[in-house]
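# Breakdown of the fold
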Amino acid sequence: MRAGTKTDRGGNTVQDWSPEKVSRLPVARVSVQPSTQAEDNDATRSQVITGWQVISAPGVDADIQAKDRIEWGGMTLEVIGEVGRYLDFGDGSTHHIEFVMRRTTG
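Here is a short report on the structure shown in this document.

Turning to the pairing of strand S6 (residues 75–87), a few remarks are in order. Alignment of strand S5 (residues 69–72) against S6, held across 4 bridges, turns out to be antiparallel. Across the sheet, the residue bridging to Trp72 is Met75, located in S6. Hairpin connection, S5 to S6: the antiparallel pair is bridged by 2 residues, and Gly73 has positive phi, about 60°. A loop of 6 residues connects S6 with strand S7 (residues 94–105), the two strands running antiparallel in sequence, and Gly92 in this loop sits at a positive phi of about 80°.

Laid out in structure tokens, this is it:
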């Protein structure tokens, strides 16, 4: 999912995650593996952070950016950091991509 844009009260262009502004691009041929789990409890709330490592099949490159969100497994997840694009030594094309996504609740 990629946010659209809108102008805020100060005249700045900001991300707009409203359903009519979001664009979606299906991504296939990826492996999603759990990578992190953390819990933080205090007197007012419980927070759970879960992360996944995503690795594409060879030859797959997708238009995914650090500011995007991913819908997967009935959840909406944030892309964390930049997407790694690993080059093929033979012809310089993208061999595969890797990125991390995270869900925070609480």
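This part is about the packing of aromatic side chains. The final tally for this structure, using the stated rule, is 1 aromatic pair. Taking the centre distance of 5.6 Å and the plane angle of 65° together, the rings of Trp52 and Trp72 count as edge-to-face. Of the two residues, Trp52 is situated in strand S4 (residues 46–56) and Trp72 in strand S5; the sequence distance between them amounts to 20 residues. Accessibility expressed as a relative area gives 9% for Trp52, which makes it buried. Its guanidinium or amino end placed over the ring of Trp17, Arg69 lies 3.8 Å from that ring's centre, counting from NZ or CZ.

For the rest of this paragraph, the subject is the environment of Thr36. With respect to the helices and strands, the residue Thr36 is situated in strand S3 (residues 30–41). Among the residues examined, Thr36 registers a relative accessible area of 44% and is labelled partly exposed. Considering only alpha carbons, one finds Thr36 and Ile64, 28 residues apart in sequence, at a separation of 21 Å. Here Thr36 is in contact with Ile49, Thr50 and Gly51, once residues within four sequence places are set aside.

Another point: the sheet that holds S3. The 5 strands lie next to each other as S3-S4-S7-S6-S5, forming an open sheet whose pairing is antiparallel. Two strands lie at the open edges of the sheet, namely S3 and S5, each paired on one side alone. This sheet shows a mean twist of 30° between the axes of neighbouring strands, independent of strand direction. In terms of strand pairing, S3 meets S4 through 11 bridges, oriented antiparallel. Across the sheet, the residue bridging to Glu39 is Val48, located in S4.

All right, on to unusual backbone geometry then. Residues other than glycine seldom take positive phi values, yet Arg29 does so here, at roughly 60°. Position of Arg29 relative to the elements: it lies in the loop between strand S2 (13–16) and S3.

Take Ser56: it is sitting in strand S4. Since its relative accessible area comes to 6%, Ser56 is described here as buried. Placed 29 residues apart in sequence, Ser56 and Val27 show a C-alpha to C-alpha distance of 9.3 Å. Discounting chain neighbours no more than four positions away, the residues touching Ser56 are Arg29, Val30, His96 and Ile97. Among the polar contacts made by the side chain of Ser56, one reaches the main-chain carbonyl oxygen of Val60 at a distance of 3.2 Å. Within the structure, Ser56 has its side chain in polar contact with the backbone nitrogen of Ile97 (distance 2.9 Å).

Here is what the cut-offs are and how they apply
Residues numbered from 1 in each chain as written. Predicted model: local features only at pLDDT ≥ 70, side-chain atom pairs only at ≥ 80, totals over all residues. Heavy atoms only, no water. Pairing = 2+ DSSP bridges. Helix = DSSP H or I, 4+ residues; strand = E, 2+ residues; numbered from the N terminus. Phe/Tyr/Trp six-rings, centres within 6.5 Å; stacked < 30°, edge-to-face > 60°. Buried < 20%, exposed > 50% of the residue type's maximum accessible area, 1.4 Å probe, protein only. Lys NZ or Arg CZ within 6 Å of the ring centre and 35° of its normal. Contact = heavy atoms within 4.5 Å. Axes fitted to C-alpha atoms, helices over the stretch in contact; angles between N-to-C directions. Polar contact = N/O pair within 3.5 Å; in protein donor to acceptor, adjacent residues only side chain to side chain.

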